[in-house]
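Residue-level structural notes
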Amino acid sequence: MDATLAGIVGGGLGLVIGAVAVAASRLSERKLKTIPPSAPPPLPSGVSDVLAVLRSIAIVLDSSDAVVNNSASAVSYGLVRHGELVHTELRQLARQVRRDGEIREVELELTRGFGTTTNTVMTARVAPLGAPHILILAEDHTHARRVEEVRRDFVANVSHELKTPVGGIALLAEAVLDARDDPEAVSRFAARIQVESTRLTRLVKEIVDLSRLQVADTLHEPELVQIPQVVAEAVDRVRVAAEARQITLEAVADERAAVFGDTELLATAVANLVSNAVNYSETGTRVAVAARRVGDTIEITVSDQGQGIPTTEQSRIFERFYRVDAARSRATGGTGLGLAIVKHVCATHGGDVSVWSEEGHGSTFTMRLPAASDRTAADSDRHTVGTAQGEQPG
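Let us look at the structure shown here. (Residues numbered from 1 in each chain as written. Predicted model: local features only at pLDDT ≥ 70, side-chain atom pairs only at ≥ 80, totals over all residues. Heavy atoms only, no water.)

We now examine the pairing of strand 6 (residues 119-129). With 8 of 11 residues buried, strand 6 is to be regarded as a mostly interior element. Where strand 5 (residues 104-111) lies against strand 6, 8 bridges are found, and the strand directions are antiparallel. What sits directly across from L110, in strand 6, is T120. Connecting strand 6 to the next strand, strand 7 (residues 133-140), in antiparallel fashion are 3 residues, including G130 with a positive phi near 75°. (Buried < 20%, exposed > 50% of the residue type's maximum accessible area, 1.4 Å probe, protein only. Helix = DSSP H or I, 4+ residues; strand = E, 2+ residues; numbered from the N terminus. Pairing = 2+ DSSP bridges.)

Structure, rendered in structure tokens:
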């Protein structure tokens, strides 16, 4: 075979081998495409059922940190969105647990929801769940943290508030002793002692009242309370202070307005609102008190023409001892507990209290309480009349 023929034969064989190789490669690719990708290993049996009944927020991650199962609360708290874990802190914890298999528990302050600045205090426990999965259990401790802060502030504030009048009385008593030969000075210091002792008495009473309200979440023996009588009693308590400052009190109440509760507590709550309105209004202005029935709710509003409350302060005014204007509050004898008592009285009666205010345009506080139904109120009235006439109830 000469060299030319050998070259032709060799080239032909090369073409055949190349064609066979290309065909084999394409056939192999087709086979690979037809083979389905390996599915991720399933969750251990019963895990989904357990997660459904857990009170904690539950999230299960796979080996790629994708969320494969979660409780509904994980979404509502903003921890999971579109099948992904939102917070980097939790993702890093999961990766650490995946590396060494050690269970970790930490407390984190996480933002709640998209585009919000509200933070949630979470206690997160991260543990391995089988070979490829990671389990995250989280609990919201925001309320507990807030309660602890309020308790700590309450103790500190009570100590401070009690020290002020007690210290004032002690200093004034020393001044009286030093000025015992000056009747005019003694009289002046004695008057100041009386003012401080009155403030101390009021402070102690309001602390006791607030503590009692916080312990008793419900009313043990609610009675039918006519709101017009409550409004009249509250206005009467503040009338002298209002007249001294030439402030006009106007009151109007729907005769149908009635609730079940405690007359004294409700009168105290309304009186606190009226007293605040008088103390923070200018001389010669007007304070209006109104009560009306709106469907199944009784609304009691107290409006003034005072200086108003800054928007940034409105969310805190119902906290214990919180004062928007501390200097003016002390000048008027305020303890910073009046609105906290109003809030707790409303909560005890199944209602709430809110405020609308604009600086320079006064404030309006609104108490909302569940109304007594007409039939129930009528039955209660007949029972009261019958018992007063000597009839046996029932």
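From this point, the narrative continues.
Next up on the list: the packing of helix 7 (residues 227-244) against helix 8 (residues 263-279). At their nearest, the axes of helix 7 and helix 8 sit 8 Å apart, and the two run at 35° to each other. Between helix 7 and helix 8 the crossing geometry is right-handed. On helix 8, the residues that touch V230, E233, A234, R237, V238, A241 and A242 of helix 7 are T263, E264, L266, A267, T268, V270, A271, V274, S275 and V278. Residues that form the contact of helix 7 with helix 8 fall into these classes: 11 nonpolar, 3 polar and 3 charged. (Axes fitted to C-alpha atoms, helices over the stretch in contact; angles between N-to-C directions. Left-handed = near helix turned anticlockwise from the far one by under 90°. Contact = heavy atoms within 4.5 Å. Nonpolar A, V, L, I, M, F, W, Y, C, P; charged D, E, K, R; others polar.)

Moving on, we come to the pattern of salt bridges. For the structure on display, the rule yields 10 salt bridges. Measuring nitrogen to oxygen at the nearest pair gives 3.1 Å for the salt bridge that ties R286 to E250. One end of the pair, R286, is in strand 11 (residues 286-294); the other, E250, is in strand 9 (residues 248-253), with 36 residues separating them in the sequence. E250 gets classed as partly exposed once you look at its relative accessible area, which sits at 37%. One salt bridge connects R256 with D254, and the closest N-O pair in it is separated by 3.0 Å. Salt bridges here are not isolated pairs; linked through shared partners, they connect D65, R95 and R98. (Salt bridge = Lys/Arg side-chain N within 4 Å of Asp/Glu carboxyl O.)

The subject of this paragraph is the packing of aromatic side chains. Scanning the entire structure with this criterion turns up 1 aromatic pair. Both rings, one in F318 and one in F365, keep their centres 6.2 Å apart while their planes meet at 80°; by these two values the pair is edge-to-face. One end of the pair, F318, is in the loop between strand 12 (297-303) and helix 9 (326-331); the other, F365, is in strand 14 (residues 363-370), and 47 residues separate them in sequence. In this structure, F318 and F365 share a single accessibility class: buried. The side chain of R188 reaches across the aromatic face of F189, ending 5.2 Å from its centre. (Phe/Tyr/Trp six-rings, centres within 6.5 Å; stacked < 30°, edge-to-face > 60°. Lys NZ or Arg CZ within 6 Å of the ring centre and 35° of its normal.)

Before going further, it helps to examine the sheet that holds strand 14. Sheet strands associate in pairs through backbone hydrogen bonding, adopting either a parallel or an antiparallel arrangement. Pairing is mixed across the open sheet formed by 5 strands, whose spatial order is 9-11-12-14-13. Here the strands that pair on one side only, and so sit at the sheet edges, are strand 9 and strand 13 (352-357). Taking each pair of neighbouring strands and ignoring which way they run, the sheet shows an average axis angle of 15°. As defined by bridge partners, strand 11 adjoins strand 12 across 7 bridges and the pair is classed as antiparallel. Within strand 12, the position partnered with A288 by the bridge is S303. Strands strand 9, strand 11 and strand 12 of the sheet are contacted by helix 7, whose axis makes an angle of about 175° with strand 9.

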